[in-house]
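Residues per chain are reported as follows:
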Amino acid sequence: MERVDPPELARPSGFAHAVVATGRTVFLAGQTGMDAAGNIVPGGLVAQFERALENLLIALRAAGGGPEHLAQLTIYIVDMDGYREHAREIGTVWRRLVGARYPAMAGIGVARLWDAEALVELQGTAVLPLED
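Presented here is an overview of the structure given in this document. Remember, it's a predicted structure, so these values are computed and weren't measured experimentally.

## A look at the overall build of the chain
In step 1: When helices and strands are tallied, the chain shows three helices and six strands.
In step 2: Along the chain direction, N to C, the helices and strands of the chain fall in the order β-β-β-α-β-α-α-β-β.
In step 3: In terms of overall size, the chain behaves like a compact globule, its C-alpha atoms giving a radius of gyration of 15 Å where 132 residues would be expected to give roughly 14 Å.
In step 4: Its C-alpha atoms give the chain principal-axis dimensions of roughly 40 × 35 × 25 Å.
In step 5: When burial is assessed residue by residue, the chain has 39% of its 132 residues classed as buried.
In step 6: Looking at the chain alone, contacts between residues at least 24 apart form 75% of all its contacts between residues at least 6 apart.
In step 7: Here the chain displays about 7,600 Å² of accessible surface, and carbon together with sulfur accounts for 52% of that area.
In step 8: Side chains of the chain carry 11 positive and 16 negative charges; the gap between the two charge centres is 5 Å.

The rules we used
The residue numbers shown here count from 1 along each chain, following its written sequence. With pLDDT at 70 or above as the cut-off, local features in this predicted model cover only qualifying residues; side-chain atom pairs require 80 or more to be listed or tallied, and sums for whole chains, interfaces and linings still use all residues. As a rule here, side-chain values come from all non-hydrogen atoms in the structure, and water together with hydrogens is ignored. Strands are runs of DSSP state E lasting at least 2 residues, helices are runs of H or I lasting at least 4, and numbering of each runs from the N terminus. We compute the radius of gyration over the C-alpha atoms and compare it with the globule rule, which gives 2.2 Å times the number of residues raised to the power 0.38. Burial here depends on accessible area, computed with a 1.4 Å probe over protein chains only, as a share of the maximum for the residue type. Under 20% is buried, over 50% is exposed, and the range in between is partly exposed. Here, two residues are considered to be in contact whenever any of their heavy atoms come within 4.5 Å of each other. All accessible-area figures derive from a Shrake-Rupley calculation using a 1.4 Å probe, and residue coverage is judged against the displayed protein chains alone. We score Asp and Glu as negative and Lys and Arg as positive, and we do not count His or the chain ends. Charged groups are reduced to one reference atom each: NZ for lysine, CZ for arginine, CG for aspartic acid, CD for glutamic acid.

What follows is the structure, encoded as structure tokens:
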């Protein structure tokens, strides 16, 4: 995967402007901070973001990939101001679970998610290397 950040655009922080990838595409369904029993984890936005990201990575690993294969991620956010307030903590979670490389990303404010208790949902696309 090649991350492309043109000098004509503002320096990205926590995302890549574009990602060029060749391989097998994995479409990852939206994941919230839901535990294996189907309950939204307690602890607020950062805890939910961490669990949602863990869930997304579990699905990706089950499909044969890893964090390094994430090409695109959309984050649906119920409380945008709260998300921005916790951006540093969320970044720490990201770096611990995924690393320092970022996919092309968008954060979208929404009124609510399918699970009324959910504060954040992550949906992504990964590109795995072609099999020989």
